[in-house]
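# A look at the structure
Read off the chains here:
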Amino acid sequence: MRTVLLLVSILINAVTCAQELEPRAYSPNPAGVNFVVAGYGQSTGGVLFDPSLPFSDVEARLSNAALGYGHTFGVFGRGVTALFAVPYVWGDISGNVGEDRRAISRSGLADTRFKLSINLLGGPALPPAEFAARKPDTTLGASLSIIAPTGEYDSSRLINIGSNRWAFKPELGISHPIGRLFLEASAGVWLFTANDEFFDGTRREQDPISALQVHVSYTFRPRLWIAADATYYEGGRTTVSGQRRGDLQANSRVGTTLALPIGQRQSLKFTWSDGASTRVGGDFTNYGIAWQYTWF
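Along each chain, residue indices are assigned from 1 in the same order as the chain's sequence is written. Per-residue local features are limited, in this predicted model, to residues with pLDDT of at least 70; the limit for side-chain atom pairs, both in listing and counting, is 80 or more; totals at the level of whole chains, interfaces and linings are taken over all residues. With hydrogens and water set aside, each side-chain value is computed from the structure's full complement of heavy atoms.

Counting its secondary structure elements, the protein contains two helices and 16 strands. For the protein, the C-alpha radius of gyration of 20 Å lies close to 19 Å, the compact-globule estimate for 296 residues. Once the C-alpha set of the protein is aligned to its principal axes, its extents read approximately 65 × 30 × 30 Å. By the burial criterion, 45% of the 296 residues in the protein qualify as buried. Contacts are assigned to residue pairs with any non-hydrogen atoms lying within 4.5 Å of each other. Contacts in the protein between residues at least 24 apart in sequence constitute 66% of all its contacts with a sequence separation of at least 6. A helix here means a DSSP run of H or I that spans at least four residues, while a strand means a run of E at least two residues long, and both kinds are numbered starting from the N terminus. Throughout, the radius of gyration refers to the C-alpha atoms, and the reference size of a globule is 2.2 Å times the residue count to the power 0.38. Exposure classes here rest on a 1.4 Å probe applied to the protein chains alone. A residue is buried below 20% of its type maximum, exposed above 50%, and partly exposed in between.

Below is the structure:
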């Protein structure tokens, strides 16, 4: 079970980054907006390995609750959004090694996430009144996501909530309105620093993970919309103390997102996604709900 937990740890840490689906990530927002977000999510499913390895029926059930804050502002006339979130994660993992069945549980604070995005073309920084009167147009944006190693971590354990490393994702995205439809696409790459305090004094490194996303959303009325989402991600092969692992990922996912306004300042967002194809890694079904409160 020691080896299977090592591989599960590697795969789950990688997949929590790459499996994200973010519709409307590059749609413009008015300047001077503050918002808090509280969310809950659940991921259930299997973890797939190279068929030559003696692991079978590896299952994970992971839950998370997160609290975040964001603010929009202008820089040289361009719209900018900054946000951060602190998640708490708990879950169970079980699997077979040969004929032996083992299980493990973990809970604790996970790594803090930050994101800074800017509209490079379209989406100028406008106050709320001017923003509401504007005509939607094509927006090209760039963002940088950062995952800081603030989560609970113990190098004597194979499975940890925190990753004990930094992760960075530079990304470009485009959003194009066609009537009530929004067509969106983004391309980015996750870059990881090494974990020099991996299990039993080893050093773990991970190759970059390239990720593509496409979204088609339909707006029924302001703040009420639904989106069809898809992503493909590839890479993430790991090296532990100089030994390359056979865990190259080349996976795809599909999902949907529904945003519902509640009055003028609140909204709910419901998300679902599932694996379309999984070569190696987590083949999870994800559900989520988030509440947002906005003020100027």
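What follows covers the packing of aromatic side chains. Pairing of aromatic side chains here covers Phe, Tyr and the six-membered ring of Trp, requires ring centres within 6.5 Å, and sorts the geometry by plane angle: under 30 degrees stacked, over 60 edge-to-face, intermediate tilted. Counted according to the given criterion, the structure contains eight aromatic pairs. Judged by centre distance (6.3 Å) and plane angle (40°), the rings of Tyr69 and Trp295 are tilted. Remark: Trp295 occurs in strand 16 (residues 281-295) and Tyr69 occurs in strand 2 (residues 55-75); sequence separation between them is 226 residues. Looking at Tyr69, the relative accessible area reads 30%, which means it is partly exposed. Overall, Trp295 belongs to the partly exposed group, its relative accessible area being 29%. Here Trp291 and Tyr293 contribute two aromatic rings whose centre-to-centre distance is 6.3 Å and whose plane-to-plane angle is 25°, an arrangement assigned as stacked. Trp291 gets classed as partly exposed once you look at its relative accessible area, which sits at 32%. For Tyr293, a relative accessible area of 29% puts it in the partly exposed group. Grouped by ring-pair contacts, the aromatic residues Tyr69, Trp291, Tyr293 and Trp295 constitute a single cluster. Lysine and arginine charges are scored as sitting over a ring when NZ or CZ, respectively, is within 6 Å of the ring centre and within 35 degrees of the ring normal. Over the aromatic face of Trp225 sits the side chain of Arg24, whose NZ or CZ is 4.6 Å from the ring centroid. Cation over ring: Arg204 sits above Phe198, and NZ or CZ is 5.8 Å from the ring centre.

This paragraph deals with the pattern of salt bridges. Throughout this description, the term salt bridge denotes a Lys or Arg side-chain nitrogen within 4 Å of a carboxyl oxygen of Asp or Glu. Summed over all chains, the structure comprises six salt bridges. Measuring nitrogen to oxygen at the nearest pair gives 2.2 Å for the salt bridge that ties Asp196 to Arg203. Its salt-bridge partner being Glu205, residue Arg203 comes within 3.8 Å of it at the nearest N-O pair. Judged by its relative accessible area of 38%, Arg203 is partly exposed. If you follow the salt bridges from partner to partner, you end up with Asp196, Arg203 and Glu205 in one network.

Turning our eyes to something else, we now look at the pairing of strand 10 (residues 209-221). Following DSSP output, two strands are said to pair if at least two bridges run between them. Where strand 8 (residues 181-192) meets strand 10, ten bridges bridge the pair, whose relative direction is antiparallel. Considered in strand 10, the bridge of Ala185 is made with Val214. The pairing of strand 10 with strand 11 (residues 224-235) spans twelve bridges and is antiparallel. When the bridges of strand 11 are listed, Gln213 appears paired with Thr231. As consecutive antiparallel partners, strand 10 and strand 11 are separated by two residues, and within that stretch Arg223 has a phi angle of approximately 75°, a positive value.

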